[in-house]
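Single-letter residue listing:
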Amino acid sequence: MTVQIVYFAWVRERIGKPGETVELAPEVATVADLVRWLRAQGPEYEAAFARPELVRAAIDRSHVKPDTPIAGAREIAFFPPVTGG
Amino acid sequence: MTVQIVYFAWVRERIGKPGETVELAPEVATVADLVRWLRAQGPEYEAAFARPELVRAAIDRSHVKPDTPIAGAREIAFFPPVTGG
Amino acid sequence: MKVRVQTADFDVGEEVRRLTLGQHDIGAVVTFTGTVRGEAKGRPIVSMTLEHYPGMTEAELERIVADAEARWPLSATLVVHRYGELKPGDNIVLVVAASRHRHAAFEAAAFLMDFLKSRATFWKKETTADGEGHWVDAREADEAALARWAPRPAASD
Amino acid sequence: MKVRVQTADFDVGEEVRRLTLGQHDIGAVVTFTGTVRGEAKGRPIVSMTLEHYPGMTEAELERIVADAEARWPLSATLVVHRYGELKPGDNIVLVVAASRHRHAAFEAAAFLMDFLKSRATFWKKETTADGEGHWVDAREADEAALARWAPRPAASD
């Protein structure tokens, strides 16, 4: 499965890019699986996801939980808790 | 005791004047006493105070209850429940 | 001046700008604007005339503002209330509360309006198309709204 | 358009005027304006940069507005949120809720802000005088503020 991943705020800064297209194996089934997979991609990802409870996710522009399946997703976003307003 | 009385809204309209100066006997000791005394001053006062629970009072520009003593008052106001805002 | 009673209209943006100018401790500004609705009990109204008790109105509004300022940490507070003849759509009242954080600003503005509604000495008379004037009845809900502001035990916050 | 995400400033008075123009069923307009404070944790800040998630931010704000409109009888609703570099005193966000009566307008505006604070995809970075940038931490109180909007039993109101 091919999916577009986007990063915001300090997640983006730590990984060093605003997003990327990745090819995922079928075992990567949920948001939490994807976080585990990303952490193995290099020290910059390890730094961004060191405390996964501080990173939020969205699939196709809706907030999701770590156990949400990613099948069919076009765009998955990772970002810190929001601080607007 | 001499006191200035002022009326507002439909209390003013029913009595037919915005205010007056009255001379009160010592028996007129509270706001409720004054209402009773005024009701006896003519049909226009009777009309204004026909339902005394609908008329509010202020002494020297502070809201008061019917049992508040009027001794020392300079200005006593009667008006319907307020409807600003 | 935190309280103004006037016949003239007001501009919300201009009032907020003037009130908060140069105050960099403000993070939240809540405004309430009350306006004349076009109908009352299903009948179109052509105008609304507000009478007030000069002197007492200002004193009462000052007391309400002082109560709000004692209760929340406010950086700025303003109440502007019009009187005289108004038309549907016209502004009647403006309340502004500014604070560091939003909850204080929201609560203070709601508190100011609740007390203004049941304490400030204004009376509304609506004129319908037939030329008849009707004094607006006070709403029991307005008096009831004060209950939520009953003093709370100091420990609860 | 009920939701706008923009770099440009806004004028509260002008936004309210445009939003309520010709709508004579409105009796109450509540606005919330969030502004950049001059200091953070006791240190002066020189600027604040807001990043957001284009596309999702608008979608999320539209969902929040729709939730508010389902919950209260609102005549008009508006959310304007800025992004980019801002200075102390600058406007960040404007929320407007207009209704026939004041309680709906107050509650809807507070609801919009509470959900915006913990759901809209914005991130603030503060720059202090030494040139260092700090991402602002989310406040637990903002998440906790949502509890008071938990669905109530239909009979309770």
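What counts, and where the lines are drawn
- Residues numbered from 1 in each chain as written.
- Chains lettered and ligands numbered in written order.
- Predicted model: local features only at pLDDT ≥ 70, side-chain atom pairs only at ≥ 80, totals over all residues.
- Heavy atoms only, no water.
- Helix = DSSP H or I, 4+ residues; strand = E, 2+ residues; numbered from the N terminus.
- Rg over C-alpha atoms; globule rule 2.2 N^0.38 Å.
- Buried < 20%, exposed > 50% of the residue type's maximum accessible area, 1.4 Å probe, protein only.
- Contact = heavy atoms within 4.5 Å.
- Areas by Shrake-Rupley, 256 points an atom, 1.4 Å probe, with all protein chains shown as cover.
- Pairing = 2+ DSSP bridges.
- Axes fitted to C-alpha atoms, helices over the stretch in contact; angles between N-to-C directions.
- Least-squares fit on C-alpha atoms with pLDDT ≥ 70 in both.
- Buried area = accessible area lost by both parts, 1.4 Å probe.
- Salt bridge = Lys/Arg side-chain N within 4 Å of Asp/Glu carboxyl O.
- Polar contact = N/O pair within 3.5 Å; in protein donor to acceptor, adjacent residues only side chain to side chain.
- Nonpolar A, V, L, I, M, F, W, Y, C, P; charged D, E, K, R; others polar.

Let us now look at the overall build of chain A. A count of helical and extended segments in chain A gives 3 helices and 5 strands. Overall, chain A shows an N-to-C arrangement of helices and strands of β-α-β-α-α-β-β-β. Relative to the 2.2 N^0.38 estimate, which gives 12 Å for 85 residues, the radius of gyration of chain A is 12 Å and therefore close to what a compact globule would have. Judged by the C-alpha coordinates and their principal axes, chain A covers about 35 × 30 × 20 Å. The buried share of chain A, reckoned over its 85 residues, is 47%. Sequence-distant contacts in chain A: of pairs separated by 6 or more residues, those separated by 24 or more amount to 52%. A total of about 4,200 Å² of accessible surface is found on chain A, and carbon and sulfur atoms cover 55% of it.

Turning our attention to the sheet that holds strand S3 (residues 56–59) of chain A. Strand pairing within a sheet occurs via backbone hydrogen bonds; the two strands may be parallel or antiparallel. Residue and element names in this part refer to chain A. Spatially, 5 strands are ordered S2-S1-S5-S3-S4 in an open sheet, and the strand pairing comes out mixed. Each of the sheet's edge strands pairs with one partner strand only, and the pair in question is strand S2 (19–23) and strand S4 (62–64). Pairwise comparison of adjacent strand axes, ignoring direction, gives a mean angle of 30° for this sheet. Sheet strands touched by helix H2 (residues 31–39): strand S1 (2–7), S2, S3, S4 and strand S5 (75–79). Its angle to S5, the strand with the most contacts, is close to 70°.

To continue, consider the relation of the copies chain D and chain C. When chain D is fitted to chain C, the best match, at an RMSD of 0.0 Å, comes from turning it 180° and sliding it 0.0 Å along the axis. Here the two chains are linked by the operation of a two-fold rotation axis. Rotation axis and chain D: the residue whose C-alpha lies nearest the axis is D:Gly13, separated from it by 2.0 Å.

In this section: unusual backbone geometry. Residues and elements named next belong to chain B. The phi angle at Ala 9 is positive, at roughly 55°, despite the residue not being glycine. Non-glycine residue Arg 61 carries a positive phi angle of around 75°. Inspection of the secondary structure puts Arg 61 in the loop between strand S3 (56–59) and strand S4 (62–64). Its relative accessible area of 33% is what places Arg 61 among the partly exposed residues.

Taken together, the 35 residues of chain D in the interface contact 35 residues of chain C. When the buried area of chain D at its contact with chain C is split by residue, D:Arg37, D:Arg102 and D:Phe106 rank highest and sum to 25% of it. Here D:Asp11 ties to C:Arg17 by a salt bridge, and the two come within 2.9 Å at their closest N and O atoms. For the interface between chain D and chain C, the tally reads 19 residue pairs in polar contact (both at pLDDT 80 or more). Among the elements of the structure, helix H1 (12–20), strand S2 (28–35) and helix H3 (102–119) of chain D are those that each provide at least two residues to the side of chain D that touches chain C. Here the residues of the side of chain D that touches chain C are counted per class, giving 13 nonpolar, 11 polar and 11 charged. Bridge count for strand S2 (residues 28–35) of chain C against S2(D) is 7 bridges, and the pairing is antiparallel. Paired with C:Thr33 across the two strands is D:Val29, which belongs to S2(D).

Time to look at the side chain of D:His81. Secondary-structure assignment places D:His81 in strand S5 (residues 74–82). The buried category is assigned to D:His81, whose relative accessible area is 0%. Residues in contact with D:His81, not counting those within four places in the same chain, are A:Gly84, A:Gly85, D:Arg4, D:Val5, D:Gln6, D:Leu50, D:Ile92, D:Val93, D:Leu116 and D:Phe122.

Okay, the pairing of S5(A) next. All names here are of chain A. Most of S5 sits inside the fold, with 5 of its 5 residues counted as buried. Along S5, one buried face is formed by Glu 75, Ala 77 and Phe 79 and the opposite face, lined by Ile 76 and Phe 78, is buried too. Judged from the 4 bridges that link them, S1 and S5 form a sheet pairing that is parallel. Of the residues in S5, the one forming a bridge with Ile 5 is Ile 76. Of the pairings in the sheet, the one linking S3 to S5 comprises 4 bridges and is antiparallel in character.

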